[in-house]
Amino acid sequence: MHPMKLSKAFLRSAAYERRFLTKNPWDFSMVVWIPLATVLLIWWIFSQTQITDLPIGVIDQDNSPIANTAVRYLEASPTLTVKQLYYSEAEAKAAILQRDIYAIVIIPEDFSRHILSGKPAPLILQVNAQYGTHSGIIQTSVQAVAGTLSAGVEIQRLVKQGMAPSQAAIAYSPIGIQRISLFNAATDYQQFLASTVIPALLHILAMVIGATTIGRELRDKRLGHWYRFISTGHPDLTRTTQNESTSGQILNAVENNQYLSKNDQISVSSHANEDITESANVLVLLFGLLGKYFWPTLAFNIWAMLALWLATPQESVAMSSVLATYAGLILLIMLSFWLGAIFTLGSFSLRMGLSATGFISAPSYAFAGVTFPYIAISDSARHWSDALPLTHYLKLHIAQLQMQAPVAVSLPIVYGLAIATTIAMSLTTLLTKRALAHPERWGAR
């Protein structure tokens, strides 16, 4: 195959797709505006990088100075705010159901008396555990307040017994914990969630675009016309002329003529595409598909660059790590395009292709090991997670941008994504050739 013919197939297909996108605002928005809005919206949602001032309620049944001190300590915690003092549990639980507060701290009636007499005096925490992140932060903060209050009471008791304050502090807590946060020390949720959610959403959008870009040709019975144009240049599907309009009307009349029987329509359609389907060249198809996905690929290259730029403004990340992550994200997006096309071409139905892309891509973030530990999931879920490309990309993303691991650690993932993309691209080409050979199955929704 002459290289000039392959380059012409690529350029014609890209011109064909450019014309379609300029005349269809919804498809253009799927490629340009929706991904851009997604990236910016997610980053804005997590613009407050740390969780602070989670509202809680307090029921003070003791009303003693020690209880008032406990309330002040709760209010002073940076992650908590005492929204209201309640006087009944029913009222407080109603506030939880309305999501006005996320937890209730109950100070029992004999709280101070038990402390002064040396008996256990627990603070009762009732937390809405349905929200895992909220409840975890609240439990940690309340426990810290209780520990601080307990330490102060015990140290004062030891000092009154004649022990020096420094010795009292050591006697109360002889073993301490020195915690050192290795990665994301500031508990930055923008770094933890936003930087990984954005690639996951781009992955979903890319699979949808991959399914619809080739799927609409099947749905509209234009696959044969598209291949005839990229291989021969006739008819010119990139311009709206009188000849093209007349030709299109004739073709539509042939395909949809109500005076022909169903068998006659299939026969005419088969004869019209027989020469095309039998002589379809795999390399021409490959370059035609590359041209067809050229504009989405170009646009998503820009959105990937924007996502990584937002993810690394405050981090001193090596350029080699950024390049490896960028290469991995581009390969993930290209693989998503081809996977979406495979599902549509394999089923000869745009609807089935979109359903398959949604089934695979939408829950993939839940299996990626970011929010739920990968080592804690079941074996069957782990096998499914390993089969998803997003899982491997996010391992690369976290290792390079957040843990600043050596690039050599993540290069196997880049190679794996490259191999998977090549295989998916080849399979898409073969499935397109098969679809060209079955024009009777075009038109399915």
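Keep in mind the model is a prediction, meaning the values are calculated, not measured. (Residues numbered from 1 in each chain as written. Predicted model: local features only at pLDDT ≥ 70, side-chain atom pairs only at ≥ 80, totals over all residues. Heavy atoms only, no water.)

Considering the pairing of strand β1 (residues 54–60)
- Most of β1 sits inside the fold, with seven of its seven residues counted as buried.
- Here β1 shows two buried faces, one formed by Leu54, Ile56, Val58 and Asp60 and the other by Pro55, Gly57 and Ile59.
- Bridge analysis of β1 against strand β2 (residues 80–85) gives five bridges, and the strand direction is parallel. Its bridge partner being in β2, leucine 54 is matched across the sheet by leucine 80.
- In terms of handedness, the path from β1 via helix α4 (residues 65–76) over to β2 forms a crossover that is right-handed. (Buried < 20%, exposed > 50% of the residue type's maximum accessible area, 1.4 Å probe, protein only. Helix = DSSP H or I, 4+ residues; strand = E, 2+ residues; numbered from the N terminus. Pairing = 2+ DSSP bridges. Right-handed = clockwise from strand over helix to strand, strands pointing away.)

Regarding a nonpolar patch on the surface
- Together, Ile180, Leu182, Phe183 and Met403 make up a nonpolar patch on the protein surface, roughly 450 Å² of accessible area in all.
- Relative to the assigned elements, phenylalanine 183 resides in the loop between α8 (165–172) and α9 (189–219). (Patch = residues over 30% accessible without salt bridge, like charges linked within 9 Å, V, L, I, M, F, W, Y side chains within 5 Å. Areas by Shrake-Rupley, 256 points an atom, 1.4 Å probe, with all protein chains shown as cover. Salt bridge = Lys/Arg side-chain N within 4 Å of Asp/Glu carboxyl O.)

Comments concerning the nonpolar core
- In terms of nonpolar packing, the biggest core is built from 96 residues, with Leu74, Ile138, Leu223, Trp226, Tyr227, Phe300 and Tyr365 touching the most fellow members.
- In terms of residues, this core owes the most to one element, α9, which gives 13 residues.
- In this structure, Ala95, Ile96, Ile101 and Ile104 belong to the second largest nonpolar core, which totals eight residues. (Core = buried A, V, L, I, M, F, W, Y, C linked by side-chain atoms within 4.5 Å.)

Considering the confidence of the model for the protein
- The predicted model of the protein has a mean per-residue pLDDT of 84, with 87% of residues at 70 or higher.
- Segment residues 240–272 is flagged for pLDDT under 50; beyond a separation of four residues in sequence, or across chains, it makes 19 contacts in the model. (pLDDT = per-residue confidence, 0-100. Contact = heavy atoms within 4.5 Å.)

Points about the packing of aromatic side chains
- Summed over all chains, the structure comprises nine aromatic pairs.
- On the numbers, 6.4 Å between centres and 40° between planes, the contact of tyrosine 16 with phenylalanine 229 is tilted. Remark: phenylalanine 229 occurs in helix α10 (residues 223–232) and tyrosine 16 occurs in helix α1 (residues 3–23); sequence separation between them is 213 residues.
- Residue phenylalanine 229 is classed as buried on the basis of its relative accessible area of 4%.
- Members of the aromatic cluster, joined through ring pairs, are Tyr293, Phe300, Phe337 and Trp338.
- Geometry around tyrosine 374 places lysine 395 over its ring, the cationic atom sitting 4.8 Å from the centre. (Phe/Tyr/Trp six-rings, centres within 6.5 Å; stacked < 30°, edge-to-face > 60°. Lys NZ or Arg CZ within 6 Å of the ring centre and 35° of its normal.)

Comments concerning the pairing of strand β3 (residues 103–107)
- Most of β3 is tucked away, with five of its five residues classed as buried.
- On β3, burial covers both faces: Ala103, Val105 and Ile107 on one face and Ile104 and Ile106 on the other are all buried.
- Two strands pair when backbone bridges link them, and β1 and β3 are joined in this way by four bridges, in the parallel orientation. Bridge assignment links glycine 57 to a residue of β3, and that residue is isoleucine 104.
- In this sheet, strand β4 (residues 124–127) lies alongside β3 in antiparallel orientation, the contact comprising four bridges. The residue bridging isoleucine 106 from the neighbouring strand is isoleucine 124, located in β4.

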